[in-house]
Amino acid sequence: MRPSDCRVRVSPGAPTLKSLTPAGCAGRPRRAVFALVAPALLAACGGPQSALDTAGSDAATLSHLFYVMLAGAVVLWLAMNGLMLWVWRIDPRPMPPRYARRLIFAGGIVFPTVVLAALLSWGLSIMPDQRAPGDGLRVEVTGEQWWFRVHYWPEGATEPVRSANEIVLPVGSRSEITLEADQVIHSFWLPSLAGKTDMIPGRTNRMSMEPTEPGEFRGQCAEFCGDSHAWMAFTAKTMMPEEFDAWLAAETGPAAQPEGALAEAGREAFMAQGCGGCHAIRGTPARGRVGPDLTHLASRLSLAAGALPMTRAALVRWIEDPAAVKPGAKMPAYDHLAPDTIEAMAAYLEGLE
């Protein structure tokens with residue numbers, strides 16, 4: 001049969017594809033669909049937010065658990081379908097009642113009990129490692145609506161280093177992560193480095209992470225938490241210890257001074273509009289604790305918890321109307337200001353590295 005013989009014109013109201021497909025062509029549409037879908041499925045196995053493309057010891061453990069359970073599921077699927085094939089096609093003779101009862105008892109009670117007990121015991125045995133104590137650094141993350149408040153507590157510190165929507169961790173050491181929530185339940189999920197842990201109001205949950213390679217990864221709130229749940233993401237950076245120490249030392253410093261007349265005018269507008277009542281910028285009169293700390297805002301990879309890139313145009317868009325970007329955002333809109341004023345405020349914030 002030539003390939004052209006498999007081309008079938010389907011008119012509206014046709015009963016089924018099978019009835020219109022010439023003999024010998026039935027498998028071709030299926031193969032074509034699989035060829036189109038397979039690359040998309042394989043592409044999902046990598047990237048900055050993949051549980052199978054690991055960059056931490058905890059994620060590697062969970063990935064290993066997944067592959068073991070997947071292998072077990074495949075073996076079970078083959079065994080069950082092989083048994084069905086045997087009794088249906090190969091040897092379809094009636095089975096004596098005593099054999100049937102033994103088969104049901106062994107396959108329906110003994111086998112799943114033993115296998116599930118073994119898998120449960122093994123799964124429980126690796127859980128303590130996911131909650132192991134840290135090596136000195138503690139990162140306190142609070143789920144807000146809809147962003148992440150981040151406080152770094154180096155060993156011996158009396159005051160935290162405040163940040164937001166970005167987590168930076170050293171490679172090769174285990175950092176303790178304490179998780180809280182303000183109003184509603186969130187879920188902290190950073191699949192490339194570790195598992196998933198809920199953030200519950202009034203309760204502190206704990207986990208720890210040990211990155212094994214430097215890079216940039218994406219995290220996400222994995223618990224529906226309101227209007228902008230889908231826009232509640234964060235970035236994680238993993239650095240070599242020396243680079244991390246330098247970053248942390250810079251993060252503790254005050255904000256950069258505005259450069260140029262436009263940025264200077266932006267700082268004055270920022271203070272005049274009362275933005276310092278909600279946001280803190282170290283080294284300035286702005287000391288608010290309601291919203292994210294903006295001291296080193298421009299050094300972050302994204303704006304508004306992953307909703308926008310860190311650019312001046314994005315800052316202008318956010319200042320003008322936050323709710324247009326993130327529905328339900330509590331920050332008020334400043335679209336009543338002159339465009340030049342908003343541009344100046346964005347220029348000032350863009351310089352806070």
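Residues numbered from 1 in each chain as written. Predicted model: local features only at pLDDT ≥ 70, side-chain atom pairs only at ≥ 80, totals over all residues. Heavy atoms only, no water.

K.L.:
Got a sec to walk through the packing of helix α7 (residues 312-320) against helix α9 (residues 339-350)? Specific residues and values, please.
P.N.:
For the pair α7 and α9, the least separation of the axes is 9 Å and the interaxial angle reads 125 degrees. The pairing of α7 with α9 is recorded here as oblique in orientation. α7 and α9 meet at a crossing whose hand is right-handed. Residues Arg 312, Leu 315, Val 316, Ile 319 and Glu 320 of α7 pack against Ile 342, Glu 343, Met 345, Ala 346, Ala 347, Leu 349 and Glu 350 of α9. For the contact of α7 with α9, the residue count by class is 8 nonpolar, no polar and 4 charged. (Axes fitted to C-alpha atoms, helices over the stretch in contact; angles between N-to-C directions. Helix = DSSP H or I, 4+ residues; strand = E, 2+ residues; numbered from the N terminus. Parallel < 35°, antiparallel > 145°, perpendicular 65-115°, else oblique. Left-handed = near helix turned anticlockwise from the far one by under 90°. Contact = heavy atoms within 4.5 Å. Nonpolar A, V, L, I, M, F, W, Y, C, P; charged D, E, K, R; others polar.)

K.L.:
Before we move on, can you summarise the pairing of strand β1 (residues 138-143) with the specific residues and values?
P.N.:
Taking burial as the measure, the 6 residues of β1 include 5 buried ones, the bulk of the element. Connecting the antiparallel pair β1 and strand β2 (residues 148-153) is a turn made up of 4 residues. (Buried < 20%, exposed > 50% of the residue type's maximum accessible area, 1.4 Å probe, protein only. Pairing = 2+ DSSP bridges.)

K.L.:
Hey, could you go over helix α5 (residues 241-251) for me, with residue numbers and the actual values?
P.N.:
In an α-helix there are 3.6 residues to a turn, and that puts residues three or four apart on one side. Here α5 has its buried residues at Phe 244, Trp 247, Leu 248 and Glu 251. For α5, the angular spread of the buried residues around the axis is 100 degrees, confining them to a single face. Each element contacted by the buried residues of α5 is listed here: β2, β3 (161-164), β4 (166-170) and β10 (233-239). (Arc of directions from axis to C-beta.)

K.L.:
Could you give an account of the pattern of salt bridges, naming the residues involved and the relevant values?
P.N.:
One pass over the full model with this rule turns up 12 salt bridges. Glu 210 serves as the salt-bridge partner of Arg 174, at 3.3 Å between the closest nitrogen and oxygen. Of this pair, Arg 174 sits in the loop between β4 and β5 (175-181) while Glu 210 sits in the loop between β8 (205-209) and β9 (215-221), placing them 36 residues apart in sequence. For Arg 174, a relative accessible area of 11% puts it in the buried group. The partner of Glu 176 in a salt bridge is Arg 206, with the nearest N and O atoms 2.6 Å apart. (Salt bridge = Lys/Arg side-chain N within 4 Å of Asp/Glu carboxyl O.)

K.L.:
Account for the sheet that holds β3, with residues named and values stated.
P.N.:
Strand order in the open sheet made by the 5 strands is β3-β2-β1-β5-β8, with mixed pairing throughout. Single-partner strands in this sheet number two, and they are β3 and β8. On average, each strand axis in the sheet is tilted by 25 degrees relative to the strand beside it, whichever way the strands run. Bridge count between β5 and β8: 5 bridges; the pairing is antiparallel. The partner of Leu 179 across the bridge, within β8, is Asn 205. Together, β2 and β3 form the strand contacts of α5, whose direction differs from that of β3 by roughly 95 degrees.

K.L.:
Could you give an account of the confidence of the model for the chain, with specific residues and numbers?
P.N.:
When the pLDDT values of the chain are averaged, the result is 86; 87% of them are 70 or greater. Here residues 3-11 is modelled with pLDDT under 50, and outside its nearest four sequence neighbours on either side it reaches 9 contacts, counting other chains as well. Throughout residues 14-25 the model reports pLDDT below 50, and contacts reaching past four residues in sequence, or to other chains, amount to 11 contacts. (pLDDT = per-residue confidence, 0-100.)

K.L.:
So what's going on with the sheet that holds β9? Residues and values would help.
P.N.:
Here 5 strands make up an open sheet; going across it, the order is β4-β10-β9-β6-β7 and the pairing mixed. Sheet topology places β4 and β7 (196-199) at the edges, where each strand pairs with a single neighbour. Averaged over all neighbouring strand pairs, the angle between strand axes comes to 25 degrees, with direction disregarded.

K.L.:
Now, about the nonpolar core: what can you tell me, with residues and values included?
P.N.:
With 32 residues, the main nonpolar core has Val 141, Tyr 152, Phe 188 and Met 209 as its most contacted residues. At the level of secondary structure, the elements contributing two or more residues to this core comprise β1, β2, β4, β5, β8, β9, β10 and α5. Filtering out sequence-adjacent residues up to four positions away, Tyr 152 remains in contact with Arg 138, Val 139, Pro 160, Val 161, Ser 163, Glu 166, Ile 167, Val 168, Trp 247 and Leu 248. In terms of nonpolar packing, the next biggest core, distinct from the first, is built from 28 residues, Ile 281, Ala 286, Ile 319 and Ile 342 among them. (Core = buried A, V, L, I, M, F, W, Y, C linked by side-chain atoms within 4.5 Å.)

K.L.:
Hey, could you go over the side chain of Ser 50 for me, with residue numbers and the actual values?
P.N.:
For Ser 50, the position within the fold is in the loop between α2 (27-43) and α3 (57-90). On the basis of relative accessible area, Ser 50 is assigned to the buried category, the value being 3%. A distance of 3.3 Å separates a polar side-chain atom of Ser 50 from the backbone nitrogen of Asp 53. (Polar contact = N/O pair within 3.5 Å; in protein donor to acceptor, adjacent residues only side chain to side chain.)

K.L.:
Describe a nonpolar patch on the surface, listing the residues and the values that go with them.
P.N.:
Residues Leu 83, Leu 85, Trp 86, Val 87, Trp 88, Ile 90, Met 95, Tyr 99 and Leu 103 make up a contiguous nonpolar surface patch of roughly 890 Å² in combined accessible area. Residue assignment for the nonpolar patch shows that the elements contributing at least two residues are α3 and α4 (97-130). Mapped onto the secondary structure, Val 87 falls in helix α3. Classification of Val 87 by relative accessible area gives partly exposed; the value is 37%. (Patch = residues over 30% accessible without salt bridge, like charges linked within 9 Å, V, L, I, M, F, W, Y side chains within 5 Å. Areas by Shrake-Rupley, 256 points an atom, 1.4 Å probe, with all protein chains shown as cover.)

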